[in-house]
Amino acid sequence: MNTSLRSTLALLLGISAAAAALPAAAQQDAPELSAAQHAAFQSCLRRLPQEAAFRSVRAATFAQHLAAVESDASVLAMLGKQPEFTMYPWDYIAMLVDEERVADARAALTQWQGELQRIQARYGVPAHIVVAVWGVESNFGQNLGARPLLRSLATLSCLGRRQSYFRGELAAALRIVQDGHIAAHRMTGSWAGAFGQTQFMPSTFLRLAVDFDGDGRRDIVDSVPDALASTARFLQAAKWQAGQPWGYEVRLPAGFDTSAAGRRNKRSIASWRAAGVTLADGAPLPADLPQAALLLPAQKYGAGPAFLVGRNFDAIYSYNASENYALAIAHLSDLAAGRSASTDFAAPWPTQDPGLSRAQRRQLQILLLARGHDIGAADGAIGEKTRAAIRAEQHRLGHKADGRPGQRILRALQGEGLGE
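Residues numbered from 1 in each chain as written. Predicted model: local features only at pLDDT ≥ 70, side-chain atom pairs only at ≥ 80, totals over all residues. Heavy atoms only, no water.

Participant: Explain the overall build of the protein chain to me, using residue names and the numbers behind them.
Facilitator: Across its full length, the protein chain holds 19 helices and seven strands. Here the C-alpha radius of gyration of the protein chain, 22 Å, is about what a compact globule of 420 residues would show, namely 22 Å. The C-alpha extent of the protein chain, read off along each of the three principal axes, is 65 × 55 × 40 Å. Going through the 420 residues of the protein chain one by one, you find that 55% of them count as buried. Put simply, 70% of the contacts in the protein chain that link residues at least 6 apart link residues at least 24 apart. Of the roughly 17,200 Å² that the protein chain leaves accessible, carbon and sulfur atoms contribute 49%. Charged side chains of the protein chain number 43 positive and 37 negative; the gap between the two group centres comes to 6 Å. (Helix = DSSP H or I, 4+ residues; strand = E, 2+ residues; numbered from the N terminus. Rg over C-alpha atoms; globule rule 2.2 N^0.38 Å. Buried < 20%, exposed > 50% of the residue type's maximum accessible area, 1.4 Å probe, protein only. Contact = heavy atoms within 4.5 Å. Areas by Shrake-Rupley, 256 points an atom, 1.4 Å probe, with all protein chains shown as cover. Lys, Arg positive; Asp, Glu negative; His and termini not counted. Charge placed at Lys NZ, Arg CZ, Asp CG, Glu CD.)

Participant: Please set out helix α13 (residues 224-237) residue by residue, giving values where relevant.
Facilitator: The terminal C-alpha atoms of α13, which comprises 14 residues, lie 20 Å apart, in line with the 20 Å expected from a rise of 1.5 Å per residue. By the criterion of burial, α13 is predominantly enclosed, with twelve of the 14 residues buried. Taken together, the buried positions of α13 are V224, P225, D226, A227, L228, A229, S230, T231, A232, F234, L235 and A237. Where α13 is buried, its residues contact α8 (113-123), α9 (127-138), α12 (202-208) and α15 (311-319). N-capping of α13 is provided by S223, with a side-chain oxygen placed 3.2 Å from the backbone N of D226. (Expected span 1.5 Å × (residues − 1). Polar contact = N/O pair within 3.5 Å; in protein donor to acceptor, adjacent residues only side chain to side chain.)

Participant: Which residues make up the packing of aromatic side chains, and what values go with them?
Facilitator: For the structure on display, the rule yields 16 aromatic pairs. Their ring planes at 40° and their centres at 5.9 Å tell us that F195 and F205 sit as a pair that is tilted. Of this pair, F195 sits in the loop between β2 (188-189) and α12 while F205 sits in helix α12; the two residues are ten residues apart in sequence, bridging distant segments of the chain. Among the residues examined, F205 registers a relative accessible area of 0% and is labelled buried. Summarising the aromatic geometry, the rings of W246 and F307 are spaced 6.2 Å apart at their centres and angled 45° between planes, so their arrangement reads as tilted. Of the two residues, W246 sits in the loop between α13 and β3 (247-251) while F307 sits in strand β7 (residues 306-309), which places them 61 residues apart along the sequence. F307 gets classed as buried once you look at its relative accessible area, which sits at 0%. Grouped by ring-pair contacts, the aromatic residues Y88, W90, W246, Y301, F307, F313, F345 and W349 constitute a single cluster. Seen from the ring of Y317, R263 lies directly overhead, with NZ or CZ sitting 3.7 Å from the centre. R267 extends its terminal NZ or CZ atom over the ring of W272, reaching a point 4.9 Å from the ring centre. (Phe/Tyr/Trp six-rings, centres within 6.5 Å; stacked < 30°, edge-to-face > 60°. Lys NZ or Arg CZ within 6 Å of the ring centre and 35° of its normal.)

Now the structure itself:
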């Protein structure tokens, strides 16, 4: 499989499974449905069993799990607001690839070494890649998403855009419960319907999830082996090339023409060498990629890091159609495997105000709380209350009041000495 339905939807709507790795506080509250919307929702639910997508769902399953389901207006507000599409790349990478997550990834590689070795032998996907997906998608199982999946998918099936797509996902979710793989109360996840340790959409689960622990159920929620093996199978189906790297950071020669940059514009390594491209440290390009494309994630903002990416980067991209997302997975995997020594890339991002790690985001919130801002817990989740508090402090300090959590506002508040 080159591109899953989940990735296709991400292209259309900006949906991300990685959003499930963000705490719920980062999401905005939405108003309740109007009376007309509520009536439309109830009418839609009554009609769903007659649709073709639900032919394999028994009436008893429908009655048990959807007859009394309530709508969730907040999922409608989330469409098109996913961080990998709306954040600066340096903010997104800093949030997902920090020292905490690297340490946890290395610990996971040790803890699950036996299972990961067997998974790699069966599917050809390296352990550090699988663990990096796990870390970004659910913080190694610590954040599976709290939204009841059937409620979210029922709402999206009847209201908003792309209802036909979500009806297919709702039918698939009901099949998962009906077939006894995962109980309905354990089916919680992101607002868009991704669930489990590595955040599969229900239709992806039905196609690709595996029972790796041998208990007779495919369970990516409570079985780490099932979740990790299912992820490896997904990447294998996305044409992962065993023995090839995802790519590497590179250095471009002065005056290099970047007009041909783009993930799809692959060339031979020999042609990149001939153009003067080297590894970031100046060493010659290795010969372990038959073809590679030039990726410039911050090109529209100026310069920044440059990468040559191969077919395996595309496989990661197919998990969630965002180049920032794929780069976060790739970078975390290198750090987990010890192939990179720093969470920073060799080339700096084109900004004077770099992004914050999760620990720094928590510290920023502590400083805001000390100044009397009612933002809730200092959990690293940057929701509307935190952004409003940041804007207030930026305005007081004479900074651009955009509500963005960056190094500049953190250093300014640290310099005032409160909350430390």
